[in-house]
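The primary structure of each chain is shown beneath.
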Amino acid sequence: MGTVAAPVSDVWALVRDFEGWGRWWPRLTTSLVDPTGEEPLVAGQVRLVSANGRSYKEKLIKIDDDNMTLEYELVSSKVAAAVTLPLTAKTTVEVCAGRDKATSRMVWSCAFQTDVPEGGVSIRKGQEAAYTAGIEAIKVEVGDGAPPHEPVQVSVAMGAVDAALTPVGTLTLSVSGACLATLRLSPGGAVLGGGEGLTLHLAPDDGDLTVELVDPEGGVLAMGSLPAAALLGVQDKESEEGLVHKVTLSSSTSSATACYLLSVETPPPASPAEALSQLLLAMGKELLGQITATAFRIGTDDGTSTWAYASYPSASAETPLPKYCASLPPSEAIPPARTGFLFGRSTEFLYAQVRLLQLVVDTSAEGGLDEATRQRMAASAAAIKKEIAADPWSAPFFGSITKPLVADNWKDDGEVAEQFIRGVNPMKIVRVTGDPTAALPSVFHSLTDPDGRGLDALVACKSLFYADYPELALGEEDEASGAFTHAAFSPVLDSPVGARKFWYAPRVVLFKTPGGKLSLLGFTLTRKGDGTEDEVYTASTHAPMVYLLAKAHMTCADNQAHQFVSHLGMTHLLAEPFIVASHNALPATHVVARLLVPHFTDTIGINFLARQTLVSAVAPLTDATFSVGTANAMDVFSAAYQGWDFLGSNFVNGLAARGFSLSGEEDELDGFYYRDDGVKVWNAFIRHVSAVLTAAYGPDGDAAVAADADLALWVEEMRSPDKAAVTSFPASFGSVKALTEALVTIIFMCSAQHAAVNFSQEEYVTYVPNRPDSMRAPMPPTPPAGEDLPPTALVASLPTAGVSLFQTFFGHLLSSPTQAPATSIDAQSALREEFPAEVGALAADLRRIQADIKERNDKLVAMGKAPYPYLSPENMPLSIDI
């Protein structure tokens, strides 16, 4: 019960908005309603609520405007196993007039039953605390006669806690006796869940913000305070003064103290339009600063000096990572022409977004515009808003930025499945060739396809496929949802990017239709124990919105594996030790060095830039835009890198290990263009390298290779733990054939492999719902049969407007066309003068491959399907140059 200094009409307007409680009650992180009638709120409606990492479904059973009474009941809940829950619960909120028209009295009560009598005490305390906080939140929202309250976002972190103060239960923040926030603490006093993104509603004359350490029994162990107005002060952007506040808590019974740090964060933009405008203004400056910074960390490079190796800070014997070049040699810096081209690509995207700035123009009568301009701008803004309302993720595709075809069919199971063989990450899918019950977890054993074929039947007709993501099962786990979670801050937006992001480590079963196309059979998101408790999502067993949201979580997970394993890890980072070792151990005139040099161009420079941005500890873009964040991303790659083998994981052997033949006869998949085009490119490089080595080493080539001292030094450098540390690199070469395979493994990785996993982002990553970089909420509990999640559940889970725009921009930037395509090999090759016939033969081979791929792609386009141009030699760079 509580009194609010505001008219009953104002208070009731807040209470009766069953869906909108999250707008005034900071305790709720999600509040979504599935409308069941024409009115926005009617009895029988169900809302999904998230609070403190727990999920609840609550049903509105009564709404009485005359008596200003609202009743709702608990339908289902998903919380930590240690929390005792009522079996049934009904809550009533009543608003009535106080002593005068300016005040209201609120009665908030709950009747519940539980099978565990001793649990009733803790439930009652929890409900009382929640309802008291709710009434206080309403006071904040309606003003309560006090000066205007401003939302300020803070992060809370432990400085130090004396051992004498443990055990510690919670940390509470309050003003004038009203609790604003309660944070759970570890036994040592650390804030659980990170303590980021906490919103406090404060007024300049609120007095002191009181911070208390509270033990599990509710007793105050220590207390401290600071002026609330300090958190509302003007922030100094050039220093931490005014941003970080140290609060010392003292015990009333001893000399023990504790220290907590409250860091004021820039509040997130007030609207998606404001977020877009902030990002547009900041993006160019951010990119310029990061690229310019490379000029101040250039090493020495006199043409003969040895390049030093460095290790990533998180690398260890348990978490290995490839070595990299310790400093940026001048010869490896990104050339001005390439830098200018990338800026041009960025500007091209930014110009296409200028129209979105119309959304922040004040078109009111008081906005200062003349009437004609005001009406024109208002009409334009209204049209843009209507377009965004229909499909907010299509907004960036304007002018020269073409909307990808996948935007029209990203929801289809067939499209989702076929991206496993022609999308950005064709590296995860495996063909099941043996006993399916041994290959797949038991939760999948009863699955059948639409034609009634079970797992054994699908294996018999070469039609069962599987993808597993165990490397993603790491980091902090959200007990309620089984998701893994990470909180992040965006240096580009200069604001928090949501309170927290979520991801899963899914397992996906696919099948081939009689027509040779792939489709989804079923998938799980969680990994509970032995897997028997994991929920299997299928199109036939789940409601449409539940299934679509689950697929979005699944593709988000694959996107984490794609970006940090298949793309950044297994091409960019993996190539660097080969480049350094070749520079250090091979004379520039050696035939192997000359074969490799066109495929090493600009890679160290690009990787250097990535280390200052994507995986930097100072300004990590991955931390802000991807669910797993920076540190987890490197751990994800490390988990995959431990199973990597130089020759065993190359293009042809990797396909064979996953059950695919080079000819396609074993699987008969239609549309496996990564495999089909990759085989042509691989064979062209094999013919070229073999011909060059045969000519260079002479008639007794095998013996000459085995006796090559420079080659032996290169092998030693590659395998040495103190140098390149590629321990799976061959210990020696005894034949032209063996050396050819090793060189083509490197060349293919730096050219075709990177092209396949990078340039496909323009089609498959820039349209956010197809492959989200992050998800803002975990998968909610599946509703009972016959029910579905509200349509708003997908929007609430996908990235915010600013982060979505950055994902689209970055996918567009990374897909920048190369200035050194494979078709320029006759001009780029260091061997063209000594081996003109061999270089000419490769150029001719590549032209034939280009013609074949163009013919195939023209047919696909004519049928309205997406082409696969990424391994066409006219598009495929010779090196990792972006």
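Residues numbered from 1 in each chain as written. Predicted model: local features only at pLDDT ≥ 70, side-chain atom pairs only at ≥ 80, totals over all residues. Heavy atoms only, no water.

Quick notes on the sheet that holds strand 19 (residues 464-468)
Defined as follows: For two strands to be treated as a pair, DSSP must find at least two bridges joining them. Put simply, DSSP marks the helices as runs of H or I at least four residues long and the strands as runs of E at least two long, and each gets a number from the N terminus on. Throughout, a contact is declared for two residues whenever any of their heavy atoms are within 4.5 Å. Axis geometry follows a simple rule: fit a line to the C-alpha atoms, using only the stretch in contact for helices, then measure angles between N-to-C directions, giving values from 0 to 180 degrees.
Overall, antiparallel pairing links the five strands, which are arranged 18-19-25-26-27 in an open sheet. Each of the sheet's edge strands pairs with one partner strand only, and the pair in question is strand 18 (430-431) and strand 27 (536-537). Sheet analysis places strand 26 (residues 518-524) next to strand 27, joined by two bridges and oriented antiparallel. The partner of T524 across the bridge, within strand 27, is V536. Helix-sheet contacts for helix 6 (residues 413-422) involve strand 19, strand 25 (507-512) and strand 26, and the interaxial angle to strand 26 is about 95°. Together, strand 25, strand 26 and strand 27 form the strand contacts of helix 9 (residues 544-585), whose direction differs from that of strand 26 by roughly 90°.

Focus on the packing of aromatic side chains
Note the threshold: The pairing test for Phe, Tyr and Trp rings, Trp by its six-membered ring, is centres within 6.5 Å, and the orientation test on the planes gives stacked under 30 degrees, edge-to-face over 60, and tilted for anything in between. Each residue gets one of three labels from its accessible area relative to the maximum for its type: buried under 20%, exposed over 50%, partly exposed in between, using a 1.4 Å probe on protein chains only.
Using the criterion set out here, one finds 33 aromatic pairs in the structure. Centre to centre, the rings of F465 and F660 are 6.2 Å apart; their planes meet at 5°, and the pair counts as stacked. Residue F465 is located in strand 19, and its partner F660 is located in the loop between helix 14 (651-657) and helix 15 (673-697); the two are separated by 195 residues in the primary sequence. Residue class for F465 comes out buried when judged on its relative accessible area of 0%. On the numbers, 5.6 Å between centres and 80° between planes, the contact of F651 with Y674 is edge-to-face. Of this pair, F651 sits in helix 14 while Y674 is found in helix 15, placing the two residues 23 residues apart along the sequence. Overall, Y674 belongs to the buried group, its relative accessible area being 2%. Feature note: the residues F578, F637, Y641, W644, F646, W714, F729 and F733 constitute an aromatic cluster, connected by ring pairs.

Notes on the sheet that holds strand 24 (residues 501-503)
Spatially, three strands are ordered 20-21-24 in an open sheet, and the strand pairing comes out antiparallel. Of all strands in the sheet, those bounded by a partner on one side alone are strand 20 (476-477) and strand 24. The sheet contact formed by strand 20 and strand 21 (residues 484-486) spans two bridges and is antiparallel. Considered in strand 21, the bridge of E476 is made with T485.

A word on the pairing of strand 25
Across a regular strand the side chains alternate sides, sitting on one face of the sheet and then on the other. Within strand 25, six of the six residues are buried, which leaves the element mostly enclosed by the surrounding structure. With burial as the criterion, each face of strand 25 is covered, one bearing R507, V509 and F511 and the other bearing V508, L510 and K512. Across five bridges, the pairing between strand 19 and strand 25 is antiparallel. Paired with Y466 across the bridge in strand 25 is V509. Sheet topology note: the strand 25/strand 26 ladder contains six bridges and is antiparallel. Following the sheet pairing, F511 is matched in strand 26 by S519. What sits between strand 25 and strand 26 in their antiparallel hairpin is a turn of five residues, with G516 showing a positive phi close to 90°.

Looking at the environment of M779
One can find M779 in the loop between helix 19 (761-764) and helix 20 (792-797). A relative accessible area of 4% places M779 in the buried class. For M779 and F502, which are 277 residues apart along the polypeptide, the C-alpha to C-alpha distance reads 8.9 Å.

Some points on the packing of helix 9 against helix 13 (residues 629-641)
This is how it is decided: If an angle is under 35 degrees, it is roughly parallel; if it is over 145, roughly antiparallel; if it lies from 65 to 115, roughly perpendicular; otherwise it is oblique. Gly falls in the polar group here, along with every residue not listed as nonpolar (Ala, Val, Leu, Ile, Met, Phe, Trp, Tyr, Cys, Pro) or charged (Asp, Glu, Lys, Arg).
In contact at an axis separation of 10 Å, helix 9 and helix 13 are set at 75° when each is read in the N-to-C sense. Accordingly, the angle class assigned to the pair helix 9 and helix 13 is roughly perpendicular. Two secondary-structure elements touch here, helix 9 through F564, V565, G569, M570, L573 and L574 and helix 13 through A633, M634, V636, F637, A640 and Y641. Tallied by class, the residues present in the contact of helix 9 with helix 13 amount to eleven nonpolar, one polar and no charged.

So, the pattern of salt bridges
Under the convention used in this document: The working definition used for a salt bridge is a side-chain nitrogen of Lys or Arg within 4 Å of a carboxyl oxygen of Asp or Glu.
By the definition in use, this model includes 30 salt bridges. R345 is the salt-bridge partner of E348, the closest N and O atoms lying 3.8 Å from each other. Of this pair, E348 and R345 are both found in helix 4 (residues 336-353), three residues apart, which corresponds to roughly one turn of the helix. A relative accessible area of 28% places E348 in the partly exposed class. Its relative accessible area of 13% is what places R345 among the buried residues. K551 serves as the salt-bridge partner of D413, at 2.7 Å between the closest nitrogen and oxygen. In this pair, D413 is assigned in helix 6 and K551 in helix 9, connecting sequence segments 138 residues apart. Pair check on accessibility: D413 and K551 agree, each one buried. A cluster of three or more residues bridged by salt bridges with shared partners is formed by R345, E348 and E762.

Description of the packing of helix 15 against helix 23 (residues 836-862)
Running from amino to carboxyl end, helix 15 crosses helix 23 at an angle of 175°, the nearest separation of the two axes being 9 Å. In terms of their interaxial angle, helix 15 and helix 23 are classed as roughly antiparallel. Note on element contacts: helix 23 touches helix 15 through E838, V839, L842, D845, L846, I849, D852, I853, R856 and L860, opposite Y673, D677, K680, V681, A684, F685, R687, H688, A691, V692 and A695. A class-by-class count of the residues in the contact of helix 15 with helix 23 yields 13 nonpolar, one polar and seven charged.

Considering unusual backbone geometry
Phi at E668 is positive, roughly 55°, even though this residue is not glycine. On the secondary structure map, E668 appears in the loop between helix 14 and helix 15. We note that A725 has phi near 60°; this positive angle belongs to a residue other than glycine. In this structure, A725 sits in the loop between helix 17 (709-719) and helix 18 (736-758).

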